Amino acid sequence: MAASKTDLRDVCSLLGGLALHGAQVDLLRAIQRENAATRLATSFGGEMAQALTRMQEALAEEGHAPVAKEYTRLMVANGEGGARSALPVPPWEDCYAGGERKVLGERSRAALNAYAAAKLGFDGMTEQPADHIGLELCFVAALLDEEERGERDATARTAFVDEHLKNFSPSLGRTLADAAHESFWRETGRAIALLPSVF
């Protein structure tokens with residue numbers, strides 16, 4: 001089942017928003033209230049639909065506070081002197097490139113260059129290093145939005161997905177699924193790992 005650009009944009013926005021703001025209980029409540037993941041699941045087939053449906057079910061079962069706390073454990077520096085790259089799930093592409101868990105390297109610069117070349121700004125783009133999975137997904141969502149409005153063709157998006165997301169979202173997604181204690185984050189990891197298959 002081929003997803004529309006709107007569906008691709010929305011799944012990138014959902015997963016990108018969670019990767020950036022998964023500790024915000026208000027965001028989790030909105031996802032539950034709007035049935036966001038389940039609505040998107042109807043536009044995708046196979047494993048992606050299953051992961052999105054299970055995300056929604058897990059959020060209802062596990063509750064907002066435990067899911068938010070788990071996000072912090074997985075992807076946010078704990079403030080106890082731990083290095084960002086020592087997180088269970090470092091959300092930066094550079095941590096998955098070349099076998100070294102480093103931050104602010106070549107992949108971050110490449111993502112920043114892609115953002116500049118596209119002349120596109122979006123909410124949150126200065127909150128994290130440029131190669132954060134949440135920023136990369138929000139960037140792809142913004143490109144898809146402009147494509148839908150006829151303001152650009154698919155060249156920039158296709159190149160970015162091929163150069164960035166296809167190279168690290170499967171590894172990051174599997175790492176998240178393996179490290180998560182809460183089903184919600186395991187299923188979110190599965191969905192992130194599956195992203196290249198829907199483009």
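Residues numbered from 1 in each chain as written. Predicted model: local features only at pLDDT ≥ 70, side-chain atom pairs only at ≥ 80, totals over all residues. Heavy atoms only, no water.

A. Structural view of the packing of aromatic side chains. Taken as a whole, this structure holds 6 aromatic pairs when the rule is applied. The interplanar angle of 55 degrees and the centroid separation of 4.6 Å between the aromatic rings of Y115 and F139 together place this pair among those described as tilted. With Y115 in helix α6 (residues 106–118) and F139 in helix α7 (residues 133–148), this residue pair connects regions lying 24 residues apart in the sequence. Across this residue pair, the class does not change: Y115 and F139 are buried. Between F139 and F160 the ring centres are 4.8 Å apart and the planes differ by 70 degrees, which places this aromatic pair in the edge-to-face class. Highlighted residues: F139 in helix α7 and F160 in helix α8 (residues 155–179), separated in sequence by 21 residues. Accessibility expressed as a relative area gives 1% for F139, which makes it buried. Among the aromatic residues, those joined into a cluster by ring pairs are Y71, F184 and W185. (Phe/Tyr/Trp six-rings, centres within 6.5 Å; stacked < 30°, edge-to-face > 60°. Helix = DSSP H or I, 4+ residues; strand = E, 2+ residues; numbered from the N terminus. Buried < 20%, exposed > 50% of the residue type's maximum accessible area, 1.4 Å probe, protein only.)

B. Representation of α7 within the structure. Between its terminal C-alpha atoms α7 stretches 22 Å, which fits the 22 Å expected from 16 residues at 1.5 Å a residue. The element α7 is extensively covered by neighbouring structure, given that 14 of its 16 residues are classed as buried. (Expected span 1.5 Å × (residues − 1).)

C. Examining the packing of helix α1 (residues 5–21) against helix α2 (residues 25–34) more closely. Between α1 and α2, the least distance of the axes is 10 Å, while the angle of their chain directions is 155 degrees. Comparing the axis directions of α1 and α2 gives the class roughly antiparallel. Of the two possible hands of crossing, α1 and α2 adopt the one that is left-handed. Contact with α1, carried on its side by L14, G17, L18 and H21, involves L27, L28 and I31 of α2 and no other residues of that element. Grouping the constituent residues of the contact of α1 with α2 by class yields 5 nonpolar, 2 polar and no charged. (Axes fitted to C-alpha atoms, helices over the stretch in contact; angles between N-to-C directions. Parallel < 35°, antiparallel > 145°, perpendicular 65-115°, else oblique. Left-handed = near helix turned anticlockwise from the far one by under 90°. Contact = heavy atoms within 4.5 Å. Nonpolar A, V, L, I, M, F, W, Y, C, P; charged D, E, K, R; others polar.)

D. Broad picture of helix α4 (residues 46–62). In this model, α4 (17 residues) spans 24 Å end to end at C-alpha, consistent with the 24 Å of a helix rising 1.5 Å per residue. For α4, the set of buried residues is M48, A49, A51, L52, M55, Q56, A58 and L59. Where the residues of α4 are buried, they touch α1, α2, α3 (36–41), α5 (64–75) and α9 (183–198).

E. Summary view of the side chain of D94. Its place among the elements puts D94 in the loop between α5 and α6. The class for D94 is buried, based on a relative accessible area of 1%. Within the structure, the side chain of D94 is placed 3.1 Å from the backbone nitrogen of S108, a separation counted as a polar contact. (Polar contact = N/O pair within 3.5 Å; in protein donor to acceptor, adjacent residues only side chain to side chain.)

Honestly, it's all geometry; don't read function into it.
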